[in-house]
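# Breakdown of the fold
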Amino acid sequence: SNQFCDAGIGNHESTCGISPSSSSSKLLIKGGTVVNAHQQEIADVYVEDGVIVAVKPTIKVGDDVTLLDATGKYVMPGGIDPHTHLAMEFMGTETIDDFFSGQAAALAGGTTMHIDFVIPVNGSLVAGFEAYERKAKKSCMDYGFHMAITKWDESVSREMEIMVKEKGINSFKFFMAYKGSLMINDELLLQGLKRCKSLGALAMVHAENGDAVFEGQKRMIELGITGPEGHALSRPAVLEGEATARAIRLARFVNTPLYIVHVMSIDAMEEISKARKSGQKVIGEPVVSGLVLDDSGLWDPDFITAAKYVMSPPIRESGHDKALQAALSTGVLQLVGTDHCVFNSTQKALGIDDFRKIPNGVNGIEERMHLVWDTMVESGQISVTDYVRITSTECARIFNLYPRKGAILTGSDADIIIFNPNSSFEISASSHHSRTDTNVFDGRKGKGKVEVTIVGGRVVWQDDELKVVPGSGKYIEMPPFSYLFNGIDKSDAKYLSSLRAPVRRFNSAS
Ligand code: URP
Ligand code: ZN
Ligand code: ZN
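So, here is what we can say about the structure in this document. Bear in mind the structure is a predicted one, so any value in this text is a computation, not a measurement.

Taken together, 14 residues are adjacent to ligand 1, and Lys173, Tyr178, His206, Ser312 and Asp339 come closest. Lys173 places a polar side-chain atom, nitrogen or oxygen, 3.0 Å from an oxygen atom of ligand 1. Here a nitrogen atom of ligand 1 sits 3.1 Å away from a polar atom, N or O, in the main chain of Asn360. Protein contacts shield 99% of the accessible area of ligand 1, which totals 260 Å² for the unbound molecule. A molecule is said to occupy a pocket when more than half its atoms come within 2 Å of that pocket's grid points, and by this definition ligand 1 occupies the largest cavity. For the shell around ligand 1, a count of residues per class yields five nonpolar, seven polar and two charged.

Put into structure tokens, the structure is as follows:
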């Protein structure tokens, strides 16, 4: 089914029959409705050498320019996926989409940049970064990195500074779950939050109470529940709510912004809502699986079918999905990720006798743009400008990439999609571009279709055909102190002065 093959196996052109894009470095997208998060207008978009040079009505150009007619269609910033795991070693295996196949899938679905999580190597952030630099060499679209923090000592603290000041990383993820592997305790989380604050880096958390999950897993095994449904039963939403609340309170204590990844439950969402109402800077990221699926698949009698839905936090009972959509539409949650972290059926079968051994993760990098459109815009819950905000612009703002990314403005990178709202999409494991052999959204249909994807000024997806170029993607450095840090110094100063005055005087004992 795949219309591309892997990089690095000889000459890409001759072995795969896929030629690099032949379009010129000059493009004119004519007559579409150009949508940014702040406005939409009918305009032409002119691109040269990978950059948007002009956005205005009726641009005239010479014969050397490739024309794309977007009449009746939306011209939008390519999606930015804030949460992926390509070629990640995890749970005794490695995710099957690497930086080429995962990105090719992304481009076929209208996503033109992603931010992946670097996992340290033997506790070293520098070694982890170097390993991911190597993995990402075959990239066919731009990407950035977050860094996971899985232990704490002086060297980790020092390396965090190197990552921020020299390597272009401005966010660190702390896992409050995965006891015995990635999990950190509150003491480490506090140290990490303090360090993030001093570096202007955004702290991110996987919020589940890992100790309680461990207990819940034991409980299921004792009851003889070893199938995939045991995964969901062992880590209920209350444990996600607890950890979300704890992380939020610790971030408040430290007075630093916090980003909650993969918000899967009402419990977690309500904690975020409460914190934001109180003025705290907390960002909530739902993922497309949590927005459109419920847990019923985990009870499928076929193990492989059920196991494909295993991710953490788990996909919840029906009702959480709709509540997360509503929270997204009202601004309680701000942007949509995927947590694309795929394992094929053979890898999922590692847990055939014990759900604790099923590698955790689902797909979404190719499906996010279509499913969010259908679920949120087509249903009438949000506007087209809001769609651009939650799939692209807000991610660029949070990770300090705006307006280079996340916008169709003069000077922005030419990462653009042409979206036809009158066409339709259908998802199938047999036609998707990921390397995995299953798809948690298999069979889903909806309105709207990404007809053209332009990345770095090149047309890479058109007429259902991919023309991707391994090695053409760039690493994008993300500077610290995003807008979320505005005002932190002032609120710190206010807090300190409230401690000093009034100065208490005690009567002397004599
Ligand atoms: O199940 C998941 N989410 N797998 C990826 C690792 C993570 O926790 O994000
Ligand atoms: Zn996670
Ligand atoms: Zn993840």
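Picking up where we left off.
Attention now moves to the pairing of strand 3 (residues 51–56). Each regular strand shows side chains that alternate between the opposite faces of the sheet. Pairing analysis gives five bridges linking strand 2 (residues 40–48) to strand 3, with the strands arranged antiparallel. From the neighbouring strand, Asp44 faces strand 3, where its bridge partner is Lys56. A loop of two residues connects strand 2 with strand 3, the two strands running antiparallel in sequence, and Asp49 in this loop sits at a positive phi of about 50 degrees.

Let us now look at the coordination of the zinc ion (ligand 2). Taken together, the protein donors to the zinc ion (ligand 2) comprise Lys173 (NZ), His206 (ND1) and His262 (NE2), at separations of 2.1 to 2.5 Å. Donor residues binding the zinc ion (ligand 2) come from one chain and are separated in sequence as K-x32-H-x55-H. Judged by relative accessible area, which is 0%, His206 ranks as buried.

Time to look at the packing of aromatic side chains. Inspection of the entire model under this criterion finds 17 aromatic pairs. For the ring pair Phe99 and Tyr143, a centre distance of 5.9 Å and an interplane angle of 70 degrees mean the geometry is edge-to-face. In this pair, Phe99 is assigned in the loop between strand 8 (93–94) and helix 2 (101–108) and Tyr143 in strand 10 (residues 142–149), connecting sequence segments 44 residues apart. Neither residue differs from the other here; Phe99 and Tyr143 are each classed as buried. Seen from their ring centres, Trp373 and Tyr387 are 5.0 Å apart, and the 85 degrees between their planes marks the pair as edge-to-face. Of this pair, Trp373 sits in helix 14 (residues 368–378) while Tyr387 sits in helix 15 (residues 384–398); the two residues are 14 residues apart in sequence, bridging distant segments of the chain. For Tyr387, a relative accessible area of 1% translates into the label buried. Counting every residue linked through ring pairs, the aromatic cluster contains Phe99, Phe129, Tyr132, Tyr143, Phe145 and Tyr475.

Next up on the list: the environment of Val377. Note on placement: Val377 falls in helix 14. For the pair Val377 and Thr93, spaced 284 residues apart in the sequence, the C-alpha separation amounts to 37 Å. Beyond its immediate chain neighbours, meaning those up to four positions away, Val377 contacts Val372, Ile382, Ser383, Val384 and Tyr387.

Here the focus is the pattern of salt bridges. Once their charged atoms are close, side chains differing in charge can pair, the charge on each being opposite to the other. Scanning the model with the defined rule gives 26 salt bridges in all. Here Lys474 ties to Asp142 by a salt bridge, and the two come within 3.5 Å at their closest N and O atoms. Remark: Asp142 occurs in strand 10 and Lys474 occurs in the loop between strand 18 (465–466) and helix 16 (488–500); sequence separation between them is 332 residues. Between Arg246 and Asp186 there is a salt bridge, and its shortest N-O distance comes to 2.6 Å. Of this pair, Arg246 sits in helix 8 (residues 237–254) while Asp186 sits in helix 5 (residues 186–199), and the two are 60 residues apart along the sequence. Connected through shared salt-bridge partners, Asp142, Arg404, Lys405, Asp413, Asp415 and Lys474 make up one network.

In this structure, the largest pocket occupies an estimated 380 Å³ of space. Taken together, 18 residues line the largest pocket, and the ones lying closest to its centre are Phe90, Met91, Tyr178, Lys179 and Ser181. Elements supplying a minimum of two residues to the lining of the largest pocket: strand 7 (89–90) and helix 6 (210–222). If one sorts the elements of the lining of the largest pocket by residue count, helix 6 sits on top with four residues. Its residues assigned to classes, the lining of the largest pocket comprises nine nonpolar, five polar and four charged.

Below, the discussion takes up the coordination of the zinc ion (ligand 3). Protein coordination at the zinc ion (ligand 3): the donors are His83 (NE2), His85 (NE2) and Asp339 (OD), at 2.0 to 2.1 Å from the metal. A gap of 3.8 Å separates the zinc ion (ligand 3) and the zinc ion (ligand 2). Note on accessibility: His83 and His85 belong to one class, buried.

Glancing now at helix 4 (residues 154–166). Between its terminal C-alpha atoms helix 4 stretches 18 Å, which fits the 18 Å expected from 13 residues at 1.5 Å a residue. Here helix 4 has its buried residues at Val156, Ser157, Glu159, Met160, Met163 and Val164. Projection of helix 4 onto a plane perpendicular to its axis shows the buried side chains occupying an angular sector of 165 degrees, all on one side. Exposed and facing more than 90 degrees away from the buried side of helix 4 are Glu154, Arg158, Lys165 and Glu166. On its buried side, helix 4 packs onto helix 3 (125–135), strand 10, strand 11 (171–175) and helix 5. The opening residue of helix 4, the one whose side-chain oxygen lies 3.0 Å from the backbone nitrogen of Ser155, is Asp153. One or two residues past the end of helix 4 sits Gly168, with phi positive at roughly 80 degrees.

Conventions we followed
Residues numbered from 1 in each chain as written. Chains lettered and ligands numbered in written order. Predicted model: local features only at pLDDT ≥ 70, side-chain atom pairs only at ≥ 80, totals over all residues. Heavy atoms only, no water. Near = heavy atom within 4 Å. Polar contact = N/O pair within 3.5 Å; in protein donor to acceptor, adjacent residues only side chain to side chain. Areas by Shrake-Rupley, 256 points an atom, 1.4 Å probe, with all protein chains shown as cover. 1 Å grid on protein atoms, 1.4 Å probe; cavity = no way out; pocket = protein on both sides within 12 Å on 5 of 7 lines; lining within 4 Å. Sits in = over half its atoms within 2 Å of the grid points. Nonpolar A, V, L, I, M, F, W, Y, C, P; charged D, E, K, R; others polar. Pairing = 2+ DSSP bridges. Helix = DSSP H or I, 4+ residues; strand = E, 2+ residues; numbered from the N terminus. Donors = N, O, S within 2.8 Å, 3.2 Å for Na, K, Ca; no water. Buried < 20%, exposed > 50% of the residue type's maximum accessible area, 1.4 Å probe, protein only. Phe/Tyr/Trp six-rings, centres within 6.5 Å; stacked < 30°, edge-to-face > 60°. Contact = heavy atoms within 4.5 Å. Salt bridge = Lys/Arg side-chain N within 4 Å of Asp/Glu carboxyl O. Points joined across faces, edges and corners; volume = space filled by probe spheres on them. Expected span 1.5 Å × (residues − 1). Arc of directions from axis to C-beta.

Honestly, that's just the spatial picture; any functional story needs more than this.
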